[in-house]
Amino acid sequence: MALNLLRLVLFTGLLGLLASCSTTKFVPEGEYLLDEISLTSDTENVRAGAYRGYIKQNPNAKWFSRFRVPLGIYSLAGRDSTSRTNRALKRMGEAPVLYSEEEAGKYAQDIRQAVMTHGYMQASVNFETQLHGKKAKVIYHIHPNRVYKVSSVKREIADSKVDSILAADSLSSKLYAGMDFNANILSEERSRITNKLLDLGFYRFNKDFISFQADTVEGSYWVDLTLRIRNQVGTTGHDQFHIGKIDVYSTLNPTDSITFDGCNILFTDRLKMRPRVLASAIPMRVGDLYSQSQIQKTYDNYNRLRALRYTNIRFLEVPGDSLGLWAQIHTDNSKSQSFSAELEGTNSAGDLGAALSTTYSHRNFFKGSETFNIKLRGAYEAITGLEGYSNQDYVEIGAETSINFPRFIFPFVPHSYMREKTASSEMALQYNMQNRPEFRRRVASWVWRYRWNNKSKKMNHRFDVVDLSYVYMPWISKTFKEQYLDNLNDYNAILKYNYEDLLIMKLGYSFTYNSQGLMGVAGSNMGTNSYTIRANIETAGNMLYGFSNLLGSKGNSEGRYTVANIAYAQYIKGDFDISKSFRFDDKNSLALHLGFGIAYPYGNATILPFEKRYFSGGANSVRGWNVRTLGPGSYSGKHKSIDYINQSGDMKLDLNAEYRTHLFWKIDGALFVDAGNIWTLRNYEDQPGGQFRLDRFYKQLAAAYGMGFRLVFDYFILRFDGGMKAVNPVYTSNAEHFCFLHPRFSRDFTFHFAVGLPF
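Now for a quick tour of the structure. Each chain has its residues counted from 1, running along the sequence as written. Reporting of local features is limited, given that this is a predicted model, to residues whose pLDDT is at least 70; pairs of side-chain atoms are given and counted only at 80 or more, and all residues count toward the totals for whole chains, interfaces and linings. Think of the side-chain values as coming from all heavy atoms in the structure, minus any hydrogens and water.

## A look at the overall build of the chain
Selection criterion: Only DSSP runs of H or I with at least four residues qualify as helices, and only runs of E with at least two residues qualify as strands; both kinds are numbered from the N terminus onward. Exposure is judged per residue with a 1.4 Å probe applied to protein chains only, and the accessible area is read against the type maximum: over 50% gives exposed, under 20% gives buried, and values in between give partly exposed. Any two residues whose heavy atoms approach within 4.5 Å are treated as being in contact. Computed with a 1.4 Å probe, the accessible areas rest on the Shrake-Rupley method; for each residue, only the protein chains presented here act as cover. Positive charges come from Lys and Arg, negative ones from Asp and Glu, while His and the chain ends are left out of the count. The location of each charge is read from NZ of Lys, CZ of Arg, CG of Asp or CD of Glu.
Scanning the chain from N- to C-terminus turns up 15 helices and 29 strands. C-alpha atoms of the chain, sized along the principal axes, occupy 95 × 80 × 60 Å. The buried share among the 759 residues of the chain stands at 43%. A separation of at least 24 residues holds for 64% of the contacts in the chain among residues at least 6 apart in sequence. Of the accessible surface of the chain, which amounts to about 39200 Å², a share of 55% is contributed by carbon and sulfur atoms. Distance between charge centres in the chain, computed from 89 positive and 74 negative side chains, equals 2 Å.

Quick look at the structure:
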């Protein structure tokens, strides 16, 4: 313990040394290091922190919001510019940021203008500078004064047609008497009106036609607001345009054409995609009013057709029709077929191996931009230390084929409805063969599902209509059966259940909501104030159970119903997951995560299938433990070779907090604290201490702490986390229970390598 404390003190001391020693070494005489910036406000209605972004000159970067390590590294350099060491230290570090009074004055004015746009027309902002040696602290004081209010809202619209449209839509207006005189809301109203009219055929309308007049009564804080919409110069009103013609160009210089559902499809030699697919992706039709939203919807639909590389839409006036628009949709075909291969190394409890997977893809399989995939995977692992088994190696061979349709494939669904939805349908078949020294296992599955999202692309849905899996055990070694499955002195029901033939037929629905919409880098939410919610519910066996009862079927010797002499699982399972990120500045943020899941076997089953049970530990859970080595509850495994079966449960709780900071180049750092565990809902004899009980579950929460590094690239993140056990629910003494008080590196440390952030 003393050695660990000494290491911690030395590490903290090193950070402190780099962060504080000689940080003003390269600050010239008469200049000051910009050490700190703060903002204050006279009223709670104006949050000073909201205007922090208007200050562009910021102090030197801090690691974990405390240690100015980059500046410390820079300050370690000598003054000899010809020295390679000095130049290298300066490149690795960060030069001191010097305080500028002129810049501070500009930022004060920018903040004042921003406060005024929120209705505080008589606001003022001043700043003061506090000097401490060669360091400067700048404090910006915001004095909002009283906010101006809107006393009345009037409309003066030259075009009677536009006036009647906005009058009928008045409930959607953002303007009302009594509101704050907020320039941002006025801008939002201009955008709303513009988008409304652009969706109703007013092709040439733009924001410049809209203006506001604000009249104030002298000595008061009330504003009479007038919304004005003028006509185009030389006209008596704004014209409404309609779609007069739709042409889809599949090549640059087409020589032939075909018409489908009012759309002209132009091509050369032969059309690579079916006309129905190209036409159905266009929500507008000839005669419809021009709609900006429908144009964007067309872009979205065409971008989802993986057989196309790009899409461009432009409009011309139809000859002889002054209010008709000629929609020209230009596309370019992508490469239809591709082949890829991936090699990976594996390590299962110290047994090393390798896996090779190859994938063939066809992006236009039925000439409707369907994506057809075939994936083959082979794995080999050298297994050591298993006595009594003839074969010492593990071999896995798997095949998967899937086809994705970029639309709803469902009977009786009108094409007009399908054009309005951004959805896909998917069917997949999979077969997996596993040969281990102890057993041979085969898994075959078939799934049919739908995916779709909402207009904002913030919420994604998935509906598994049918997900059918068949688990077949053709061979189990005599040694394994005698030692574990048929041993009357050490009978294990959970283990035995998971080595029997089993049928799983489930129905499920899940959704994901992200406040920022589609995320860019590997699910990263570092440096943002976003949040993500995931939920899933699935149920299995109910239809089969109903048929069994309806037909008066009799159960097998264990009282379970079967299909073709194969027992089927029956359960219900639900998961909820939420993560939230709090941004402190552009380099530091705090991410919080809560994950909860519960599953209950009933009817035809008393135990969940292993594939549906929860496990804890690992790179995305409580990081002081390896995957599948924690829980359930205070359960301590007794059969080390098969504990991965028993260390699973029906309920899971994960609580995580992670402080994230940018270090340098593409490297980020993190400090984290994790807590959680799994439990069983039933009291299984093979998992003593594993059942969830309200009076003791909180005593069985495991906890861990640690540090990690991330390599952040454009499209993925490589993560390296080192976790230490803090509280261990399995213990024989207080030293083992409260590990953080009695740390032992060899016992408590776990290293994790993963791709992407944990949440």
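## A look at the packing of aromatic side chains
Two numbers describe a pair of aromatic rings. These are the distance of the centres and the angle of the planes. Quick note on the threshold: A pair of aromatic rings is counted whenever rings of Phe, Tyr or Trp (Trp by its six-membered ring) have centres within 6.5 Å, and the orientation is called stacked for planes under 30 degrees apart, edge-to-face for over 60 and tilted otherwise. Counting as a charge over the ring demands two things of the Lys NZ or Arg CZ atom: a distance within 6 Å of the ring centre and an angle within 35 degrees of the ring normal.
As enumerated under the stated definition, the model contains 32 aromatic pairs in all. Relative to Phe753, the ring of Phe720 lies with its centre 5.2 Å away and its plane at 40°, an arrangement referred to as tilted. One end of the pair, Phe720, is in strand β28 (residues 717-727); the other, Phe753, is in strand β29 (residues 749-755), with 33 residues separating them in the sequence. For Phe720, a relative accessible area of 28% corresponds to the partly exposed category. When its relative accessible area of 48% is taken as the criterion, Phe753 is described as partly exposed. The rings of Phe405, Phe408, Trp448, Tyr450 and Trp452 are connected pair by pair, giving a single aromatic cluster. Directly above the ring of Phe582 sits Lys580, whose terminal nitrogen or CZ lies 5.3 Å from the centroid. Directly above the ring of Phe759 sits Arg660, whose terminal nitrogen or CZ lies 5.2 Å from the centroid.

## Topic: the environment of Met116
Following the sequence through the fold, Met116 ends up in helix α4 (residues 101-117). Residue class for Met116 comes out buried when judged on its relative accessible area of 17%.

## Some thoughts on the sheet that holds strand β2 (residues 124-132)
This is how the line gets drawn: Here, a strand pair is defined by DSSP locating no fewer than two bridges between the strands. Between the N-to-C directions of two axes lies an angle of 0 to 180 degrees, each axis being a line fitted to C-alpha atoms and, for a helix, fitted only over the stretch in contact.
Spatially, 3 strands are ordered β1-β3-β2 in an open sheet, and the strand pairing comes out mixed. Looking at strand neighbours, the two that pair on one side only are β1 (33-41) and β2, the edges of this open sheet. Here the strands of the sheet are splayed against their neighbours by 20° on average, with no regard to which way each runs. Judged from the 9 bridges that link them, β2 and strand β3 (residues 135-143) form a sheet pairing that is antiparallel. Within β3, the position partnered with Glu128 by the bridge is Ile139. Sheet strands in contact with α4 are β1, β2 and β3, and its direction is about 150° off that of β2.

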